Each structure stands twice: as C-alpha cells, then as structure tokens.
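# Commentary on secondary and tertiary structure
One-letter residues, chain by chain:
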Amino acid sequence: GTQTGDVPTIEGDPVVDGRLEAKTRDVMNDAAVAYQWLADGDPITGANGTSLVLTPDLVGKAITVTTTAVLAGYDNLILTSDPTDAVAKAEFTQLDVTIDGNPTVGHTVTADVEHAPAGMLSYAWKADGGTITGATNATLTLTPGLAGKDLTVTVTVTKPGYNTDTATSDKVTIAKGTQTGDVPTIEGDPVVDGELTAAAAAGDTMTDADVSFQWL
C-alpha cells in the first residue's frame, strides 16, 4: 500500500545553541518514523533524533529534516520539511565588568567580569582614555606614572558561534601611594668641630626613593 502523511515541520529558533524540534504530521498509525537532519541539503552526521541542538559549524546554513515512515505492507513514506532561515550566531546574555581592589599606587587591581555563557576573555586597561602598553591581563599593578589618572578596563568576550561583545568598566581615579620607612638616625658625637652623619633607616626606605636631608 501507499502511506499517507504531510511534510514534517520544524519548531524553534535557528540560532547557535538553540534546539530545533521535528514534528510529524498525519503519519499513519503504527508507522515507525526515522529522522535525518540536514544543513543546506547535506546530512548532519549523527543527527537522527527528533531534535537538533545547533552547533557553531551550522552558522549560515538552512536546516531541514527528512522523515522516513516505515509500516509493514506499505511503501516507505519519505518527506522533507521546509528549510529554516539560515542559522544565526547567538548573543551573550550577560557581560558586566567592574574594577576591584585598592586604586592606589603600589597596589594591584582586578577586572571582575560576569558573563554568560562562558567564553574567552581579553582585557585592555586604559588611563585617561589612553591604552596602557602591555596591560592585557585580568590584573594590573598600579605604577607611579598612573597616579591621578582615571583608570578603566575594557573586556571583550568571544565564543565560537557567538557575536563578539565588549563592555567597559566605570572609571576609578588612581591615588598616590603612601611610603613606609623609619625615622633617620644620627651618628657621631655632638661636640664642637665634630661631624654628625644622618642616615635613612637601613632597609626601611622604599626602593628607588630619593632621600634629601634638612638639618635643624
């Protein structure tokens, strides 16, 4: 005999990581139905279920599904759906970035990023709007030359099958740091025609600090 039935339909949005569902229509009772999903007319390996999760390699391709109904005593009924729109890239649903840490010279700040779904992150730190050379990590140690400047970080997130997204933090102003050290010492005898020598406390003055003296 000859089986009867209408072409299957596809439900769902054709976007990466989305799920499409094949719906058979008016297939004869007791018929066993097999499925084959296709992209631009080419079979998708292993795609033989009633649903299909769209992967990045399918971007730009139209999806169809072919059903084969098998029923004892009848010819097989092979039907193919109308094609979907071309599979589109997905969008990130969240991307927020803030600067955490003490924005003071000598300290380290961190770009705190919340994003979904998970992707590959890259960083670009800027001071007063100008790119800080080599500052492409999630953390940044604040150097003296940054004192008084407004700091931001721009984060870019990428993922196969997704449109690239970027976000920039609110700015924070970098404060001068506070030096540490002990009081200087005076060596020598306080006697007329004697010589006194002043010395910064050994090992307690910050590295690279220029030290000047005023006697009183």
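Structure: see above.
Below is a short write-up of the structure. (Residues numbered from 1 in each chain as written. Predicted model: local features only at pLDDT ≥ 70, side-chain atom pairs only at ≥ 80, totals over all residues. Heavy atoms only, no water.)

On to the pairing of strand S2 (residues 19-25). Of the pairings in the sheet, the one linking strand S1 (residues 6-11) to S2 comprises four bridges and is antiparallel in character. Directly across from Ile-10, in S2, lies its bridge partner Ala-22. The pairing of S2 with strand S5 (residues 51-53) spans three bridges and is classified as antiparallel. Each residue of the ladder has a partner; that of Leu-20, found in S5, is Leu-52. (Pairing = 2+ DSSP bridges. Helix = DSSP H or I, 4+ residues; strand = E, 2+ residues; numbered from the N terminus.)

What follows deals with the sheet that holds strand S8 (residues 94-100). Across the sheet, three strands lie side by side as S8-S9-S12; this open sheet has antiparallel pairing. At either margin of the open sheet sits one strand with a lone partner, and together these are S8 and strand S12 (139-141). The mean inter-strand angle of the sheet, taken between neighbouring strand axes irrespective of direction, is 15°. Bridge analysis of strand S9 (residues 108-116) against S12 gives three bridges, and the strand direction is antiparallel. (Axes fitted to C-alpha atoms, helices over the stretch in contact; angles between N-to-C directions.)

Attention now goes to a nonpolar patch on the surface. On the surface, a cluster of nonpolar side chains totalling about 490 Å² of accessible area is made up of Ile-186, Leu-196, Val-211, Phe-213 and Trp-215. Take Phe-213: it is sitting in the segment after strand S17 (197-199). (Patch = residues over 30% accessible without salt bridge, like charges linked within 9 Å, V, L, I, M, F, W, Y side chains within 5 Å. Areas by Shrake-Rupley, 256 points an atom, 1.4 Å probe, with all protein chains shown as cover. Salt bridge = Lys/Arg side-chain N within 4 Å of Asp/Glu carboxyl O.)

The next thing to look at is the side chain of Ser-81. Tracing the backbone through its elements, the reader meets Ser-81 in the loop between strand S7 (77-80) and S8. The residues contacting Ser-81, other than those within four sequence positions of it, are Pro-8, Ile-10, Thr-64 and Val-65. (Contact = heavy atoms within 4.5 Å.)

Attention shifts here to the pattern of salt bridges. Per the stated rule, a full pass over the model turns up one salt bridge. Salt-bridge contacts for Asp-150 lead to Lys-171; the nearest nitrogen and oxygen are separated by 3.6 Å. Residue Asp-150 is located in strand S13 (residues 150-158), and its partner Lys-171 is located in the loop between strand S14 (165-168) and strand S15 (172-173); the two are separated by 21 residues in the primary sequence.

A cluster of acidic residues, Asp-96, Asp-100, Asp-112 and Glu-114, forms a negative patch at the surface. The set of elements that each furnish at least two residues to the negative patch consists of S8 and S9. You can see Asp-112 is positioned in strand S9. (Lys, Arg positive; Asp, Glu negative; His and termini not counted. Charge placed at Lys NZ, Arg CZ, Asp CG, Glu CD.)

This brings us to unusual backbone geometry. Most of the time, phi is negative for any residue but glycine, and the peptide bond is trans. For the bond from Ala-116 to Pro-117, the omega torsion is -10°, close enough to zero to count as cis. Here Pro-117 shows up in the loop between S9 and strand S10 (120-127). The phi angle at Asp-40 is positive, at roughly 50°, despite the residue not being glycine. Position of Asp-40 relative to the elements: it lies in the loop between strand S3 (32-39) and strand S4 (42-43). For Asp-40, a relative accessible area of 49% corresponds to the partly exposed category. Of note, the phi angle at Asp-128 is positive, near 50°, even though the residue is not glycine. Along the polypeptide, Asp-128 turns up in the loop between S10 and strand S11 (130-131). Here Asp-128 falls in the exposed class, since its relative accessible area comes to 51%. (Buried < 20%, exposed > 50% of the residue type's maximum accessible area, 1.4 Å probe, protein only.)

As a further point, take the environment of Ser-81. Classification of Ser-81 by relative accessible area gives buried; the value is 6%. Between the C-alpha atom of Ser-81 and that of Ile-63, which follows or precedes it by 18 residues, the distance is 9.0 Å.

The next subject is the side chain of Gln-3. Structurally, Gln-3 is set in the segment before S1. Looking at Gln-3, its side chain comes within polar contact range of the main-chain oxygen of Asp-75, at 2.9 Å. Setting aside residues up to four positions removed in sequence, Gln-3 forms contacts with Met-28, Ala-31, Ala-69, Val-70, Leu-71, Tyr-74, Asp-75, Asn-76 and Leu-77. (Polar contact = N/O pair within 3.5 Å; in protein donor to acceptor, adjacent residues only side chain to side chain.)

Take the pairing of S9 next. Walk down a regular strand and you will see the side chains alternate between the two sheet faces. Bridge count between S8 and S9: seven bridges; the pairing is antiparallel. Among the inter-strand pairings, Asp-100 is bridged to a residue of S9, identified as Thr-110.

What follows deals with the packing of aromatic side chains. Counting across every chain of the model gives one aromatic pair. Geometrically, the ring pair formed by Phe-92 and Tyr-162 is tilted, given 5.1 Å between the ring centres and 40° between the ring planes. With Phe-92 in the loop between S7 and S8 and Tyr-162 in the loop between S13 and S14, this pair connects stretches of sequence that are 70 residues apart. Both residues of the pair, Phe-92 and Tyr-162, belong to the buried class. (Phe/Tyr/Trp six-rings, centres within 6.5 Å; stacked < 30°, edge-to-face > 60°.)

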